Amino acid sequence: MRIFTTSDLHVDYRQNAQWVAELSRADFKDDLLILAGDISDSLERIERTIGSMAERFKQVLYVPGNHDLWVLRSKDVANSFDKFQKVRTVVENSGASLDTFHGRTTTIVPLLGWYDYSFGEPSPELRRRWMDYRACRWPDGTFERDVTEHFTGLNEPISPPSKPVVISFSHFMPRIDLMPSFAPERARFLFPILGTHLLEGQIRRVGSSIHIYGHSHINRRAVRDGVIYINNAYGYPSEDRFTAKKLLCVHEDTG
Ligand SMILES: [Fe+2]
């Protein structure tokens, strides 16, 4: 079983939805796909995309990204925690899973998360411009740190590795030193909303040898303290410079 990954499909863009629709129906029948969040804020589009991937792959694993939890356009959703439950139900009913997967020699661990300003405090400009502040809704008195603790708390208890290879994945970044030096200076003001150190601690405890993340839309592969970190985001149509726009095979589960 080959293990492929992509993230940040953002199928609200017609070109992105078309890429999903045109993926081979024959090539991935024995393979697994890791979808590391940000499909769409529309439950219908999440359902269609997951369903489409589940028809092509033997197994699909997913964690939600921030866009998936927007409630701005969602009817009958109390807040973004409620949206998470609805997304989970839709994803599981469409043939994918948010749970740990055990292959022959590989364990794959989905890690939920958010951002808690581990990587810096948001500037007034970021507070004005970052869409999550308007598009997500949390219960009164809930701050980003609470949201991050809630979602990373759902990853517990973390089990020690039971297979020779552990691959973990999250939508959010576990460490800011994964941002490449070529990232434009204007991207720096986004650092506070990119992720949380709490994920890095969980990656180490789960014994990952490979960790896949999304959200930054800057494709790269980097080794930090013995772990390989991979971002293979599909990204927005305008981002061809930073995104490969193809599936990436990260490992083969053999044995
Ligand atoms: Fe994101």
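Below, the structure is looked at part by part. (Residues numbered from 1 in each chain as written. Predicted model: local features only at pLDDT ≥ 70, side-chain atom pairs only at ≥ 80, totals over all residues.)

## What about the overall build of the chain?
Right, on to step 1. Per the secondary structure count, the chain includes seven helices and 10 strands.
Right, on to step 2. For a compact globule of 255 residues, the expected C-alpha radius of gyration is about 18 Å, and the chain comes in at 17 Å, within 12% of that figure. (Helix = DSSP H or I, 4+ residues; strand = E, 2+ residues; numbered from the N terminus. Rg over C-alpha atoms; globule rule 2.2 N^0.38 Å.)

## Side note on the environment of Val166
Right, on to step 1. Tracing the sequence through the fold places Val166 in strand β6 (residues 165–169).
Right, on to step 2. For the pair formed by Val166 and Ile210, sequence separation is 44 residues and the distance between their alpha carbons is 6.9 Å.
Right, on to step 3. Once residues within four sequence positions are removed from consideration, Val166 is found in contact with Thr107, Val109, Pro161, Val206, Gly207, Ser208 and Ser209. (Contact = placed C-beta atoms within 7 Å.)

## Description of unusual backbone geometry
Right, on to step 1. In this chain, Glu156 is followed by Pro157 through a cis amide linkage whose omega measures -5 degrees.
Right, on to step 2. When you line up the elements, Pro157 lands in the loop between α6 (144–154) and β6.
Right, on to step 3. Phi at Asp8 takes a positive value of approximately 50 degrees, unusual for a residue other than glycine.
Right, on to step 4. Structurally, the position occupied by Asp8 is in the loop between β1 (2–6) and α1 (14–21).
Right, on to step 5. With 25 C-beta atoms counted inside 10 Å, the residue Asp8 sits in the buried group.
Right, on to step 6. For His217, which is not glycine, the phi torsion reads 60 degrees and is therefore positive.
Right, on to step 7. For His217, the location among the structural elements is in the loop between β7 (210–213) and β8 (220–224). (Buried ≥ 20, exposed ≤ 12 C-beta atoms within 10 Å, placed from the backbone.)

## Details of the nonpolar core
Right, on to step 1. Membership of the largest hydrophobic core comes to 60 residues, with the highest contact counts inside it found for Ile34 and Val60.
Right, on to step 2. Residue contacts for Val60: discarding those within four places in its chain leaves Leu33, Leu35, Ile50, Met53, Ala54, Gly95 and Ala96. (Core = buried A, V, L, I, M, F, W, Y, C linked by C-beta atoms within 7 Å.)

## Focus on helix α2 (residues 43–56)
Note: α-helices contain 3.6 residues per turn, so residues at a spacing of three or four share the same orientation.
Right, on to step 1. Over its 14 residues, α2 extends 20 Å from the first C-alpha to the last, a length consistent with the 20 Å expected when each residue adds 1.5 Å.
Right, on to step 2. Every buried residue of α2 is accounted for by Leu43, Ile46, Thr49, Ile50 and Met53. Looking straight down α2, one finds that the buried residues subtend no more than 130 degrees of arc, so they occupy a single side.
Right, on to step 3. Residues of α2 that are buried make contact with α1, β2 (32–35), β3 (59–62) and α3 (80–93). (Expected span 1.5 Å × (residues − 1). Arc of directions from axis to C-beta.)

## Some points on the sheet that holds β6
Right, on to step 1. Ordered in space as β4-β5-β6-β7-β9-β8, the six strands form an open sheet in which the pairing is mixed. Each edge of the open sheet is held by one strand with a lone partner, namely β4 (101–102) and β8.
Right, on to step 2. As judged from the five bridges shared by β8 and strand β9 (residues 227–231), these two strands associate in the antiparallel manner. Directly across from Arg221, in β9, lies its bridge partner Ile230. (Pairing = 2+ DSSP bridges.)

## Things to note about the sheet that holds strand β10 (residues 248–252)
Right, on to step 1. Ordered by their spatial adjacency, four strands build an open sheet running β3-β2-β1-β10, and the pairing between neighbours is mixed. Two strands in the sheet have a free side with no partner beyond their single neighbour: β3 and β10. Between one strand axis and the next, the sheet turns through 25 degrees on average, direction left out of account. (Axes fitted to C-alpha atoms, helices over the stretch in contact; angles between N-to-C directions.)

## Comments concerning the packing of α2 against α3
Right, on to step 1. Where α2 meets α3, the closest approach of the two axes is 9 Å, and the angle between their N-to-C directions is 30 degrees. Of the possible angle classes, the one that applies to α2 and α3 is roughly parallel. Considering only the axes of α2 and α3, their crossing is right-handed. Residue-level inspection shows Leu43, Ile46, Glu47 and Ile50 of α2 in contact with α3, the latter providing Lys86, Val87, Val90 and Val91.
Right, on to step 2. Of the residues belonging to the contact of α2 with α3, the class tally is six nonpolar, no polar and two charged. (Parallel < 35°, antiparallel > 145°, perpendicular 65-115°, else oblique. Left-handed = near helix turned anticlockwise from the far one by under 90°. Nonpolar A, V, L, I, M, F, W, Y, C, P; charged D, E, K, R; others polar.)

## Observations regarding the pairing of strand β5 (residues 106–110)
Right, on to step 1. Counting buried residues along β5, five of its five residues qualify, which places the element largely inside the surrounding structure.
Right, on to step 2. The alternating pattern of β5 places Thr106, Ile108 and Pro110 and Thr107 and Val109 on opposite faces, both of which are buried.
Right, on to step 3. As paired elements, β4 and β5 share two bridges and run antiparallel to each other. Bridging from a neighbouring strand, His102 pairs with Thr107 of β5.
Right, on to step 4. The pairing of β5 with β6 spans five bridges and is classified as parallel. Pairing of Thr106 across the sheet is with Val165, part of β6.

By themselves, these observations are geometric and do not establish any function.
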